[in-house]
Amino acid sequence: MSAPIRYTVVPERPEAHLYRVACTVAEPDPSGQELALPAWIPGSHLIRDFARHVVSIRAESRGRPVALEKTDKHTWRAEAAAGPLTVTCEVYAKDLSVRGAYLDPRQGFFNGAGLFLRAKGLEDATCELEIRRPQGARYRDWIVATAMDRAGAKPRGFGTYRAANYDELIDHPVAMGTLSLAGFRACGVLHEIAIAGRHRADMARLARDLKRLCEQHIRFFGEPAPMKRYVFLVTALGEGYGGLEHRASTALLCSRDDLPVAGETQPGERYRTFLGLASHEYFHTWNVKRIKPAAFTPYDLDREGYTSLLWAFEGMTSYYDDLALVRCGLIGRKDYLELLGRSITSYLRAPGRAKQTLAEASFDAWIKYYRPDENSPNATVSYYGKGSLVALCLDLLIRQKTRGKKSLDDLMRVLWTRHGLTGTGVEEDGVERLAEEVTGLKLQGIFDAWLRSMRELPLESLLAAHGVEMALRPAESSSDRGGKPAASKASGGLAMLGAHVRGDGDASVLTHALDGGAARAAGLAAGDAIVAVDGLRPGRGGLDAVLARRRAGDTVRLHAFRRDELLEFDVRLKAAPADTCVLSELSGAKARSLERWLGTSRG
Ligand SMILES: [Zn+2]
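What comes next is a walk through the structure.

Parameters at a glance
- Per chain, residues are indexed from 1 in the order of the written sequence.
- The predicted origin of the model limits local features to residues at a pLDDT of at least 70 and limits the giving and counting of side-chain atom pairs to 80 or more, whereas totals for whole chains, interfaces and linings rest on all residues.
- Excluded from the side-chain calculations are hydrogens and water; all other atoms, namely the structure's heavy atoms, are used.
- Helix and strand labels come from DSSP, where a helix needs a run of H or I of at least four residues and a strand needs a run of E of at least two; each type is numbered from the N terminus.
- The globule rule used here is 2.2 Å times the number of residues to the 0.38 power, and the radius of gyration it is set against is calculated over C-alpha atoms.
- Only protein chains enter the accessibility calculation, which uses a 1.4 Å probe; a residue is then buried when its area is under 20% of its type maximum, exposed when over 50%, and partly exposed in between.
- A 1.4 Å probe and the Shrake-Rupley method give the accessible areas. Residues count as covered only by the protein chains that appear here.
- When charges are counted, neither His nor the chain ends are considered; positive counts come from Lys and Arg and negative counts from Asp and Glu.
- A single reference atom marks each charge: NZ on Lys, CZ on Arg, CG on Asp, CD on Glu.
- For two strands to be treated as a pair, DSSP must find no fewer than two bridges joining them.
- Here a residue-residue contact requires only that any non-hydrogen atoms of the pair lie within 4.5 Å.
- Note on definitions: salt bridges are taken to be side-chain nitrogens of Lys or Arg within 4 Å of carboxyl oxygens of Asp or Glu.
- Metal donors: N, O and S atoms at distances within 2.8 Å, or within 3.2 Å for Na, K and Ca, with water omitted from the atom set so that some sites may seem incomplete.
- Definition of nonpolar core: a set of buried residues of the types Ala, Val, Leu, Ile, Met, Phe, Trp, Tyr and Cys, connected through side-chain atoms within 4.5 Å.
- Both site types are read off a 1 Å grid over the protein atoms alone. A 1.4 Å probe that fits but cannot get out defines a cavity, while an open set with protein on both sides within 12 Å along at least five of seven lines defines a pocket; lining residues have an atom within 4 Å of a point.
- Grid points are joined across faces, edges and corners, and a volume is the space filled by probe spheres set on the points.
- Any residue outside Ala, Val, Leu, Ile, Met, Phe, Trp, Tyr, Cys, Pro, Asp, Glu, Lys and Arg is labelled polar, Gly included; the first ten of those are nonpolar and the last four are charged.
- Only residues whose relative accessible area exceeds 30% and that form no salt bridge are eligible for patches; like-charged ones are grouped when within 9 Å, while nonpolar side chains (Val, Leu, Ile, Met, Phe, Trp, Tyr) are grouped when within 5 Å.
- Only centres within 6.5 Å qualify two rings of Phe, Tyr or Trp (six-membered ring in Trp) as a pair; their planes then separate them into stacked at under 30 degrees, edge-to-face at over 60, and tilted for everything else.
- The directions from the helix axis to the C-beta atoms are what the arc is built from.

Re the overall build of the protein
Item 1. The number of helices and strands found in the protein is 16 helices and 30 strands.
Item 2. Against the 2.2 N^0.38 benchmark of 25 Å for 603 residues, the protein shows a C-alpha radius of gyration of 26 Å, consistent with a compact globule.
Item 3. Counting only C-alpha atoms, the protein reaches 80 × 65 × 50 Å along its principal axes.
Item 4. Burial status across the protein gives 56% buried among its 603 residues.
Item 5. For the protein, the accessible surface area stands at approximately 25800 Å², while carbon and sulfur atoms represent 48% of it.
Item 6. Each charge class in the protein was averaged separately, 83 positive and 75 negative side chains, and the resulting centres sit 4 Å apart.

Quick word on the pairing of strand S4 (residues 54-61)
Item 1. With 7 bridges joining them, S4 and strand S8 (residues 85-92) adopt antiparallel strand pairing. Of the residues in S8, the one forming a bridge with Val-54 is Val-91.
Item 2. The sheet contact formed by S4 and strand S5 (residues 64-66) spans 3 bridges and is antiparallel. Of the residues in S5, the one forming a bridge with Ser-61 is Arg-64.
Item 3. Taking the residues that link successive antiparallel strands as the turn, the S4-S5 hairpin has 2 residues, and the phi of Arg-62 there is positive, at about 45°.

A word on helix H12 (residues 444-452)
Item 1. Of the residues making up H12, those classed as buried are Phe-447, Ala-449, Trp-450 and Leu-451.
Item 2. The inward-facing, buried residues of H12 contact helix H5 (310-327), helix H7 (358-363), helix H9 (385-401), helix H11 (430-439) and helix H13 (459-464).

Quick word on the pattern of salt bridges
Item 1. Applying the stated criterion to the full structure yields 52 salt bridges.
Item 2. Bridged by salt links that share partners, the residues Glu-269, Arg-272, Asp-335, Glu-338, Arg-342, Arg-481 and Lys-484 form one connected network.

With respect to the coordination of the zinc ion
Item 1. In this structure, His-280 (NE2), His-284 (NE2) and Glu-314 (OE) serve as the protein donors to the zinc ion, at separations of 2.0 to 2.1 Å.
Item 2. As a motif over one chain, the donors of the zinc ion read H-x3-H-x29-E.

Structural notes on the nonpolar core
Grouped burial of nonpolar side chains is what soluble globular proteins tend to show.
Item 1. Counting 171 residues, the largest nonpolar core has Phe-116, Phe-232 and Trp-597 as its most contacted members.
Item 2. Sorting elements by how many residues they give to this core places H5 first, with 11 residues.
Item 3. Among residues more than four places away in sequence, those in contact with Phe-232 are Phe-184, His-191, Glu-192, Ile-193, Ala-194, Leu-210, Cys-214, Thr-250, Leu-252, Ala-278 and Tyr-282.
Item 4. Residues Ala-513, Ala-518, Val-533 and Leu-543 belong to the second largest nonpolar core, which totals 19 residues.

Topic: the sheet that holds strand S12 (residues 127-131)
Item 1. Taken in spatial order, the 8 strands make up an open sheet running S5-S4-S8-S2-S1-S12-S15-S14, and their pairing is mixed. Looking at strand neighbours, the two that pair on one side only are S5 and strand S14 (149-150), the edges of this open sheet.

With respect to the layout of surface pockets
Item 1. Counted as a void, the second largest pocket has a volume near 580 Å³.
Item 2. Lining the second largest pocket are 24 residues; nearest its centre among them are Asp-167, Arg-247, Lys-292, Pro-298 and Tyr-299.
Item 3. Partitioning the lining of the second largest pocket into residue classes produces 8 nonpolar, 7 polar and 9 charged.

A few points about a positive patch on the surface
Item 1. Judged by side-chain charge, Arg-106, Arg-138, Arg-198 and Arg-256 come together as a positively charged surface patch.
Item 2. Mapped onto the fold, Arg-138 is located in the loop between S12 and strand S13 (143-145).
Item 3. Overall, the relative accessible area of 60% leaves Arg-138 in the exposed class.

Side note on the sheet that holds strand S3 (residues 34-36)
Item 1. The strand order across the open sheet formed by 4 strands is S6-S7-S3-S11, and the pairing between neighbours is antiparallel. Of all strands in the sheet, those bounded by a partner on one side alone are strand S6 (68-72) and strand S11 (118-119).

Some points on the side chain of Thr-250
Item 1. Position of Thr-250 among the secondary structure elements: in strand S21 (residues 249-255).
Item 2. Judged by relative accessible area, which is 0%, Thr-250 ranks as buried.
Item 3. For Thr-250, the residues in contact, after removing those within four places along its chain, are Tyr-230, Val-231, Phe-232, Leu-233, Leu-244, Glu-245 and Glu-281.

Remarks on the packing of aromatic side chains
Aromatic rings in a pair are described by how distant their centres are and how their planes are angled relative to each other.
Item 1. By the definition in use, this model includes 28 aromatic pairs.
Item 2. The interplanar angle of 50° and the centroid separation of 5.9 Å between the aromatic rings of Trp-40 and Phe-296 together place this pair among those described as tilted. Of this pair, Trp-40 sits in the loop between S3 and S4 while Phe-296 sits in the loop between helix H4 (269-283) and H5; the two residues are 256 residues apart in sequence, bridging distant segments of the chain.
Item 3. For Phe-296, a relative accessible area of 3% gives the class buried.
Item 4. Measuring from ring centre to ring centre gives 5.5 Å for Phe-296 and Tyr-299, while their planes differ by 35°; the resulting arrangement is tilted.

A few points about helix H16 (residues 591-598)
Item 1. For H16, every residue scored as buried is listed here: Ser-593, Leu-594, Trp-597 and Leu-598. Seen along its axis, H16 keeps its buried residues to an arc of 120°; they face one direction.
Item 2. Those residues of H16 that are buried are in contact with H5, helix H6 (333-348), H9, H13, strand S22 (468-473) and strand S30 (580-585).

Here we look at the environment of Ala-522
Item 1. Mapping Ala-522 onto the fold places it in helix H14 (residues 518-522).
Item 2. Ala-522 gets classed as partly exposed once you look at its relative accessible area, which sits at 23%.
Item 3. A C-alpha to C-alpha distance of 45 Å links Ala-522 and Ala-93, two positions 429 residues apart in sequence.
Item 4. Sequence-distant contacts of Ala-522, defined by excluding residues within four places in its chain, comprise Phe-569, Asp-570 and Val-571.

Spelled out as structure tokens, the structure:
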């Protein structure tokens, strides 16, 4: 058993966004200790090279400087030292996303992946972490929120914490500042909510609703819950959205308007979004933090890890995030079908679903999903979006073929007992093999079609078999995301440009020109800034308002700047295709299977 690795984090110069981080190795490698920062953070498949934020680094042993040699972009080798080795870095922290590290005089947040050097060869050693309070009177009220075990620190206090090994050390993000707190117990487990940033959230309501949600998830997989304690670390901003899962906590970024306010009784659309995000990350406590792909067991933090299974880890989690909300009664069935209708709409509107399979989307997450560009909608499919619809289809198919005796829930529970509880990674074909074993169905052809081909999913027939009618209609406006019936009875079709557009001053800039769309056919490209339609600058309503007065088949003359060149395009507008999904409950015979699917029953 090696001696613990000791880390110290000092929020030394908040105004300059600098942490000082020290790492002390009591028994360094006698031939020269290697230390490295991760290239990526688990849960987010992009090479981030956290070492680029290291502003300075030095090493010492028994008061004497020790030479450090950099051996690759994120690895240092200290010259041989007989005694304890301490390496100290200054780390720049101004990434307010859930994946990075941030510090200013108002708040601090960090993921260990960005701050803590990994002493190579000593990854299994216990880690002790001392978190120091920034110097100065203004930081007197700061507290600390993290799911890491305390080892001397008072509850929510600065001081010493402990992790069993490096993998655990970097899986407990830490927030500090004047945080708003609330707590609750779910199935006996203490849960805390800590919010940084300005907000006026109804904390009691938040605690009540999250308790209901957490109990739903814990009971779904079966008590006891796998964590002793759980923390929701929330950062509220003007606008923002994001989440990252951890073994006993999650970091969430949300708009302050997504949080519930006092007096509100029914969850509005924005609060529903927040609950969906919290539900998603909480479900990951089981599915991906403990049921893991073999490719991530353990994580190789030096380079990309490849798996075609993200459809199962992100897609199934995306399926259960909203499903759990309806099953525990936080939203109604109508709300749920609206959310599902929107997911189907966004899937149907991406031409890339005919170019990339789900398995490919997962494997290439590092270079495609996490590095989107103007051509992404034409070339890629989302393993979250399509993955959740494959999970839906799989669930409904299993229910139908087994006459309601089995469901995707059973598969999730067996994944939990076989892999989550044992720590055995899921092989690339593991989910498919287990699905056949659990249900007794032959599913290979289904998986080939849904995961490894671009064939359409049988959404309509499977939904109909469970009492839900799926209807498709044309979009009514560019902000029509589906899920709801048409607002107006008038048909005739919206005239579409076939592009995504954002306003930029007086211009409308094409962000994406879609395959098969009118804009692309006329020669417009992403980046073009449209300044006039038929010789006139669009008024207050922008391009949308102008196009709303045109009919499909009309030709409009657009003037647009491409870089500094003014170009002219004659665009023949197309009718909006029927790609906007609306789901509604069918009355009668299928009511019971709908009840079993959306209800809370376990079988
Ligand atoms: Zn996720």
